[in-house]
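Structural overview for review
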Amino acid sequence: MPNLTLFGSKDAPWRSDAWKAVDDRIRGGKSQSHLVAVQRMDGSTFANFYGNLDIKTLGGAGFASQSHTAPYDLSKFAGLSITLQPTARRACTVFNLNIKTEIPKRREDGRRESVIVWEYEFDASECMLSRSPFSSPTSTTSRTPVDEGQTHTYDEEKALAKLEGYERENVDVQRQSATSGRNKIFKATWDQFVPTYRGRPIPKHEAKPFNPADIKEISIMCRSNFGKQSGDFNLFIADITAFTEDHKSNIPNLLSKAWNWLRDWFLYIMGLRRDNGRGFIRL
């Protein structure tokens, strides 16, 4: 079975209006996130996930995320991958790809109740470039984001670059990423997603078994990890894909096992080993 690209393919392009912010502002914090779909000149799309992570308001805690709510049955797949393009280095480098298998209920005040979240954490620092020498980006907390309900073309991004240093830098980095070939792919099998509750890991036996056939929500998050990081963040996300089991990766292991079996069989024929019913042992 071929892989299934959920976001970032021709059939499933990134759409800004398909994602919504779920930030710590729902708990009185001041963090904020944005996700803008950008169209390349060849018609393909990528997502610009950016914002600011504040930890002062909530005493060291903080999170900013963009969430996509839709049912997915991914039971025929082995896990999810997320492909990152090079982007400008920001203060925050650690992110999470999150999955929910239940829809949070709404409280009377409109806030969402906490539920178990299955998280995969990755460090994006490898695909972050140094700051562009001609720009001094302004903080995302003081800038007005572009319209997140639209998909911006590359030329429109260049036009936006004339307005603020932040966009100007990202356009320059995007030019570099188009030819750098430094895309980074993070792959997580289902068993690598860790159950958490309110940002803290919990033992798997305390959570319902993860069911990839009943995915309700996928989100991209930047969080403080209780004071470990804060400030601006930015990711260029090429795609999020459900992948099948990579049998090719097992070939070296299978070849090694076959060679060991042939060696043991030869030694057995030569009378140097015998079979005790559980494998060959040296005489």
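Before reading on, note that the structure itself is shown above.
A quick note: this is a predicted structure, and the numbers were derived from the prediction, not measured.

Side note on the layout of surface pockets
- In this model, the largest pocket occupies a volume close to 680 Å³.
- If you go around the largest pocket, you meet 31 residues; those closest to its centre are Arg 27, Phe 63, Ser 114, Arg 198 and Gly 199.
- Sorting the residues of the lining of the largest pocket by element identifies strand 5 (63-72), strand 8 (94-100), strand 9 (117-123), strand 13 (194-197) and strand 15 (215-223) as the ones contributing at least two each.
- Classifying every residue of the lining of the largest pocket by side-chain character gives 11 nonpolar, 10 polar and 10 charged.
- Considered as a void within the structure, the second largest pocket measures approximately 180 Å³ in volume.
- Around the second largest pocket, the lining residues are Thr 101, Glu 102, Ile 116, Trp 118, Ala 207, Lys 208, Pro 209, Phe 210, Asn 211 and Asp 214.
- Across the lining of the second largest pocket, the residue classes tally to five nonpolar, two polar and three charged.

Here we look at unusual backbone geometry
- A positive phi is found at Arg 198, a non-glycine position, where the angle reads about 55°.
- In this fold, Arg 198 is placed in the loop between strand 13 and strand 14 (200-201).
- Of note, Asn 225 is a non-glycine position whose phi angle comes to about 55°, a positive value.
- The residue Asn 225 is located in the loop between strand 15 and strand 16 (231-243) in this model.
- Residue Asn 225 is classed as buried on the basis of its relative accessible area, which comes to 16%.

Digging into the pairing of strand 3 (residues 32-39)
- Of all eight residues making up strand 3, seven are buried, and the element is well covered by its neighbours.
- As defined by bridge partners, strand 3 adjoins strand 4 (residues 45-53) across eight bridges and the pair is classed as antiparallel. For Gln 32, the partnering residue across the bridge sits in strand 4 and is Asn 52.
- A loop of five residues connects strand 3 with strand 4, the two strands running antiparallel in sequence, and Gly 43 in this loop sits at a positive phi of about 95°.

A word on the environment of Gln 32
- Tracing the sequence through the fold places Gln 32 in strand 3.
- Measuring from C-alpha to C-alpha, the distance between Gln 32 and Asp 232 comes to 9.6 Å, with 200 residues separating the pair along the chain.
- A distance of 3.3 Å separates the side chain of Gln 32 from the side chain of His 34, its partner in a polar contact.

Quick notes on the nonpolar core
- Ranked by size, the top nonpolar core spans 44 residues in total, and within it Trp 14, Phe 122 and Ile 237 carry the most contacts.
- In terms of residues, this core owes the most to one element, strand 16, which gives five residues.
- If you look at the next biggest cluster of nonpolar residues, it comprises five residues, including Val 36, Val 38, Tyr 50 and Phe 236.

How each quantity is defined
- Residues numbered from 1 in each chain as written.
- Predicted model: local features only at pLDDT ≥ 70, side-chain atom pairs only at ≥ 80, totals over all residues.
- Heavy atoms only, no water.
- 1 Å grid on protein atoms, 1.4 Å probe; cavity = no way out; pocket = protein on both sides within 12 Å on 5 of 7 lines; lining within 4 Å.
- Points joined across faces, edges and corners; volume = space filled by probe spheres on them.
- Helix = DSSP H or I, 4+ residues; strand = E, 2+ residues; numbered from the N terminus.
- Nonpolar A, V, L, I, M, F, W, Y, C, P; charged D, E, K, R; others polar.
- Buried < 20%, exposed > 50% of the residue type's maximum accessible area, 1.4 Å probe, protein only.
- Pairing = 2+ DSSP bridges.
- Polar contact = N/O pair within 3.5 Å; in protein donor to acceptor, adjacent residues only side chain to side chain.
- Core = buried A, V, L, I, M, F, W, Y, C linked by side-chain atoms within 4.5 Å.

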